[in-house]
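One-letter residues, chain by chain:
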Amino acid sequence: MLDLLFAAALITAPAQQDEPPCEAYDSDQLSIGVAIAPGRPGGEIPIHANDGLHGMIAVPLKCFSGWTSSSPAVTIAPERQRVVIGRGATPGEDVEITGTLGSRTVRTRFRIAPAEGPVLTGFWSQASVDCGGPVPRDPLRELRFNSDGRFAVTFVPFEVRQDYWGSVEFDPAAGRIGFVVERGNTVPAGLMLKGRARVEEDGRLALDGVYFGGLESAPPAEGCRYVFQKR
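Now for a look at the structure at hand. (Residues numbered from 1 in each chain as written. Predicted model: local features only at pLDDT ≥ 70, side-chain atom pairs only at ≥ 80, totals over all residues. Heavy atoms only, no water.)

We now examine the overall build of the protein chain. Within the protein chain, the secondary structure is distributed over one helix and 16 strands. In terms of overall size, the protein chain is more extended than a compact globule, its C-alpha atoms giving a radius of gyration of 23 Å where 231 residues would be expected to give roughly 17 Å. The principal-axis extent of the C-alpha atoms belonging to the protein chain is close to 80 × 50 × 35 Å. Per-residue burial for the protein chain yields a buried fraction of 38% across its 231 residues. Partitioning the contacts of the protein chain with sequence separation of at least 6, the portion at a separation of at least 24 is 48%. Of the roughly 13,100 Å² of accessible surface on the protein chain, a fraction of 53% belongs to carbon and sulfur atoms. Measuring between centres, the 23 positive side-chain charges of the protein chain sit 5 Å from its 28 negative side-chain charges. (Helix = DSSP H or I, 4+ residues; strand = E, 2+ residues; numbered from the N terminus. Rg over C-alpha atoms; globule rule 2.2 N^0.38 Å. Buried < 20%, exposed > 50% of the residue type's maximum accessible area, 1.4 Å probe, protein only. Contact = heavy atoms within 4.5 Å. Areas by Shrake-Rupley, 256 points an atom, 1.4 Å probe, with all protein chains shown as cover. Lys, Arg positive; Asp, Glu negative; His and termini not counted. Charge placed at Lys NZ, Arg CZ, Asp CG, Glu CD.)

With antiparallel pairing, three strands are arranged side by side in an open sheet as E4-E7-E8. Lying at the two open borders of the sheet, with one neighbouring strand each, are strand E4 (66-69) and strand E8 (104-111). Here the average twist between neighbouring strands, direction ignored, is 15 degrees. (Pairing = 2+ DSSP bridges. Axes fitted to C-alpha atoms, helices over the stretch in contact; angles between N-to-C directions.)

Let us look at the packing of aromatic side chains. Going through the model one piece at a time under the given rule, you end up with eight aromatic pairs. Summarising the aromatic geometry, the rings of Phe 179 and Phe 212 are spaced 5.4 Å apart at their centres and angled 80 degrees between planes, so their arrangement reads as edge-to-face. Of this pair, Phe 179 sits in strand E13 (residues 176-184) while Phe 212 sits in the loop between strand E15 (205-210) and strand E16 (224-230), and the two are 33 residues apart along the sequence. You can call Phe 212 buried: its relative accessible area is 1%. (Phe/Tyr/Trp six-rings, centres within 6.5 Å; stacked < 30°, edge-to-face > 60°.)

All told, the structure shown has two disulfides when counted by the stated rule. Paired by a disulfide, Cys 131 and Cys 224 hold their sulfur atoms 2.1 Å apart. The chirality of the disulfide connecting Cys 131 with Cys 224 is right-handed, given an S-S dihedral of about 100 degrees. Taken together, the positions of Cys 131 in the loop between strand E9 (122-130) and strand E10 (142-145) and Cys 224 in strand E16 put the pair 93 residues apart, joining distant regions of the chain. Neither residue differs from the other here; Cys 131 and Cys 224 are each classed as buried. (Disulfide = S-S within 2.5 Å.)

Summarising the element assignment, Ala 37 is placed in the loop between strand E1 (31-34) and strand E2 (44-51). Along the primary structure Ala 37 and Ala 173 are separated by 136 residues, whereas in three dimensions their C-alpha atoms are 21 Å apart. Setting aside residues no more than four positions away along its own chain, Ala 37 makes contact with Ile 45, Thr 121 and Ser 147.

We now examine the environment of Val 119. When you line up the elements, Val 119 lands in the loop between E8 and E9. Once the C-alpha coordinates of Val 119 and Phe 64 are considered, the two residues, 55 residues apart in sequence, prove to be 31 Å apart. If near-sequence neighbours (up to four positions away) are discounted, Val 119 is found in contact with Pro 38, Arg 40, Ala 113, Pro 114 and Lys 230.

Let us look at the nonpolar core. By size, the foremost hydrophobic cluster in this structure holds 25 residues, and its most contacted members are Leu 143, Phe 145, Phe 179, Leu 207, Phe 212, Tyr 226 and Phe 228. Judged by nonpolar contacts, the second largest core, of 23 residues, contains Ile 85, Ala 89, Leu 101 and Ile 112. (Core = buried A, V, L, I, M, F, W, Y, C linked by side-chain atoms within 4.5 Å.)

On to a nonpolar patch on the surface, then. Taken together, the side chains of Met 56, Ile 57 and Val 160 present a nonpolar region at the surface, about 300 Å² in accessible area. Residue classification places Met 56 among the exposed positions, given a relative accessible area of 61%. (Patch = residues over 30% accessible without salt bridge, like charges linked within 9 Å, V, L, I, M, F, W, Y side chains within 5 Å. Salt bridge = Lys/Arg side-chain N within 4 Å of Asp/Glu carboxyl O.)

Moving on, we come to the pairing of E2. Judged from the four bridges that link them, E1 and E2 form a sheet pairing that is antiparallel. Within E2, the residue paired with Ser 31 across the bridge is Asn 50. Two strands pair when backbone bridges link them, and E2 and strand E6 (residues 82-85) are joined in this way by three bridges, in the antiparallel orientation. Bridge assignment links Ile 45 to a residue of E6, and that residue is Val 83. In this structure, E2 lies alongside strand E3 (residues 57-58), joined through two bridges in antiparallel fashion. Within E3, the position partnered with Asp 51 by the bridge is Ile 57. Connecting E2 to the antiparallel partner E3 that follows it, the hairpin turn spans five residues, and Gly 52 within it adopts a positive phi of roughly 85 degrees.

Everything listed here is a matter of geometry and, on its own, says nothing about what the molecule does.
See the structure below:
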């Protein structure tokens, strides 16, 4: 009877998954990155590492033997999970973080955000749009602002696919914003990417005079008014 119980336990016991050795991640697809979040002086940003096609495999940060920062005001926390931004960090400064795993040294960059005031860094989704006539059939479900002055537009998110992307300049004092498309999988015709921008009291982002695409008819003459909410 005891032999039968022991055999049953062996059959039902869950298989133990051994964590791959760190050497398994020493590939040309290794990457690191910081969370898409504002990095203000005195704040912190989580850091992560990935491997595989499109970065689908998470890599334990303990596998990295060394980290460096291009700014003395920015350091890596002892447990290697966070970027720590000193209060003396300079807003607008671009900081490069590097990490080493085996023979690979990988890097990422982010920009120190203003100590106060609105920062667009993060993921936004369209709450409303008014084009003074027909409006795009599909709402702009993901407008992403990276911390390094870049943006990406995705009407229908699917895995890591984006419609188009490039650089963006936001001047909150003047209330101006300008996007420059660099590449894309689907870049609509007639884009209007310079306009007015402000973050309203309820935290929503209002953009006036811009047009991100999606109309089956001709683009509106004076752009649209978009309102986005942060996810």
